[in-house]
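# Analysis of the macromolecular model
Chain by chain, the residues run as shown.
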Amino acid sequence: MDKVAMMIKARKLFKDISDLPTIPAIVSKVVSLLEDQDAAPDDIADLILSDQVLAARVIRVVNSPLYRTNNSIVSVKRALLFLGFKSVREMILTSYFVDGFKKKEQPFDMKMFWIHSFSVGAISRRISTMVGYPDSEKAYLVGILHDIGKVFLGHYCKEEYGLMLTNISNTSQTTHEAEYEFFGTTHCEVGLCLAQRWNFPSVYCDVISHHHSSEMATEDPLLTAIVSLADFYCLSHVTASSVAQASIPGPSEENAWEVLVKYSTAPLAACLEHFLSDLDEEYESISREVDILFNTMTMI
Ligand SMILES: [Fe+2]
Ligand SMILES: [Fe+2]
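Since we're looking at a predicted model, the values are computed, not measured.

How each quantity is defined
- Residues numbered from 1 in each chain as written.
- Chains lettered and ligands numbered in written order.
- Predicted model: local features only at pLDDT ≥ 70, side-chain atom pairs only at ≥ 80, totals over all residues.
- Heavy atoms only, no water.
- Helix = DSSP H or I, 4+ residues; strand = E, 2+ residues; numbered from the N terminus.
- Rg over C-alpha atoms; globule rule 2.2 N^0.38 Å.
- Contact = heavy atoms within 4.5 Å.
- Salt bridge = Lys/Arg side-chain N within 4 Å of Asp/Glu carboxyl O.
- Buried < 20%, exposed > 50% of the residue type's maximum accessible area, 1.4 Å probe, protein only.
- Domains from an automatic or database assignment.
- Donors = N, O, S within 2.8 Å, 3.2 Å for Na, K, Ca; no water.
- Tetrahedral: all angles 85-135°; square planar, octahedral: opposite > 155°, others 65-115°.
- Axes fitted to C-alpha atoms, helices over the stretch in contact; angles between N-to-C directions.
- Parallel < 35°, antiparallel > 145°, perpendicular 65-115°, else oblique.
- Left-handed = near helix turned anticlockwise from the far one by under 90°.
- Nonpolar A, V, L, I, M, F, W, Y, C, P; charged D, E, K, R; others polar.
- Polar contact = N/O pair within 3.5 Å; in protein donor to acceptor, adjacent residues only side chain to side chain.

### Re the overall build of the protein
- On a plain count of helices and strands, the protein comes out with 17 helices and zero strands.
- In terms of C-alpha radius of gyration, the protein reaches 19 Å, essentially the compact-globule figure of 19 Å for 300 residues.
- Along the longest, intermediate and shortest principal axes, the C-alpha atoms of the protein span 50 × 50 × 30 Å.
- Look at the contacts in the protein between residues 6 or more apart in sequence, and 69% of them connect residues 24 or more apart.

### A closer look at the side chain of His-211
- For His-211, the position within the fold is in the loop between helix 13 (202–210) and helix 14 (221–239).
- Apart from residues lying up to four places away in sequence, His-211 is in contact with His-146, Asp-147, His-187, Cys-188, Thr-224, Val-227, Ser-228, Asp-231 and Ser-252.

### Points about the pattern of salt bridges
- Under the counting rule described, the total for this entry stands at three salt bridges.
- A salt bridge links Glu-189 to Lys-3; the nearest nitrogen and oxygen atoms lie 2.7 Å apart. Of this pair, Glu-189 sits in helix 12 (residues 187–197) while Lys-3 sits in helix 1 (residues 3–15), placing them 186 residues apart in sequence. Like Glu-189, the residue Lys-3 is buried in the burial classification.

### Some words on the domain arrangement of the protein
- When cut into domains, the protein gives domain 1 (3–21 + 104–299) and domain 2 (22–103).
- For domain 1 versus domain 2, the distance between C-alpha centres works out to 25 Å.

### Quick word on the coordination of the iron ion (ligand 1)
- Binding of the iron ion (ligand 1) to the protein goes through Asp-147 (OD), His-187 (NE2), His-211 (NE2) and His-212 (NE2), at separations of 2.2 to 2.3 Å.
- Viewed at the metal, the four donor atoms of the iron ion (ligand 1) are separated by angles of 86 to 177°, and the geometry they form is irregular.
- One chain supplies every donor to the iron ion (ligand 1), and in sequence these donors are spaced D-x39-H-x23-H-H.
- Between the iron ion (ligand 1) and the iron ion (ligand 2), both coordinated by Asp-147, there is a metal-metal distance of 3.6 Å.
- A residue is classified by how much of its surface remains accessible, and His-212, at 22% relative accessible area, is partly exposed.

### Focus: unusual backbone geometry
- Of note in the backbone geometry, Asn-170 takes a positive phi value of approximately 65° without being a glycine.
- Along the polypeptide, Asn-170 turns up in the loop between helix 10 (158–168) and helix 11 (175–183).
- Under the relative-accessibility criterion, Asn-170 is labelled exposed at 83%.

### Topic: the environment of Asp-16
- As for its placement among the helices and strands, Asp-16 is situated in the loop between helix 1 and helix 2 (25–35).
- Taking the C-alpha atoms as reference points, Asp-16 and Asp-36, 20 residues apart in sequence, are found 36 Å from one another.

### Notes on the coordination of the iron ion (ligand 2)
- Distances from the iron ion (ligand 2) to its protein donors, His-116 (NE2), His-146 (NE2), Asp-147 (OD) and Asp-231 (OD), fall within 2.2 to 2.3 Å.
- Taken in chain order, the donor set of the iron ion (ligand 2) reads H-x29-H-D-x83-D.

### Quick word on the packing of helix 4 (residues 52–62) against helix 5 (residues 76–83)
- Closest axis-to-axis distance for the helix 4/helix 5 pair is 10 Å, and the angle between their directions is 50°. For the element pair helix 4 / helix 5, the angle class is oblique. With respect to the hand of their crossing, helix 4 and helix 5 are arranged in left-handed fashion. Every residue of helix 5 that contacts helix 4 at Ala-55, Val-58, Ile-59 and Val-62 is listed here: Val-76, Ala-79, Phe-82 and Leu-83.
- A class-by-class count of the residues in the contact of helix 4 with helix 5 yields eight nonpolar, no polar and no charged.

### Description of helix 4
- For helix 4, every residue scored as buried is listed here: Leu-54, Ala-55, Arg-57, Val-58, Ile-59, Val-61 and Val-62.
- The N-cap of helix 4, judged by a side-chain oxygen 3.0 Å from the amide nitrogen of Val-53 a few residues on, is Asp-51.

If you want it as structure tokens, here you go:
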């Protein structure tokens, strides 16, 4: 696949669209303040409180079964201290991302899409801890966002995308391959355009662009490898109860495994298959967590 030609096609698709989902300015402000090491909780709480929807969201999530608090937390400042800045950053971005596409009609089941996205986020976070990657929240967030291009294609090219999905059902062709045949581009390039439009940090853009071609990652190859393997693992679980029966790893997954072996600061399993099957033990609890997260995020 010629990445340059695919990018040209993706940009062409973008050119004529005027109603692209946007992220509210308040969210960018809060997120950049949360990145600031010297920011005081009071400043961040004030900014969050200036947007009632955002404030309600923070309180609702901190009191959801996800965090199992003993007493209910009613102030934004306490929520910040309880959750930590990085978790609040994650939560805010995730919920607005879910919002941005909530009312966009799709030719596929949006619940399944979110379950996949949240699962890839949770598995990415788990893998990042297993290999000693220093920012597991970042792995979680970019894991959630990795397939955003599909939502764009599904909405703005609805009929063709629906036809494509019907054509590949009951075949072994992947969505990624079929998109290339149908559109001359894939959700990776389209996702990159969207991520750039939303001013996502360049490392997020790189992961979104290369999660199916991890060998091409330049910004943070380890992070791309983590998300690529988490995606492979979650896709395998749609058709198989254990990764041992799942589809064969392609060049992207093989490269991702090599990257993991090279950069991991902890000892790893002897081979990719064993490494991924170690995740099986946790898959059930991660699925439960994903269900709670999905319900919490889509209710607010
Ligand atoms: Fe993907
Ligand atoms: Fe995916």
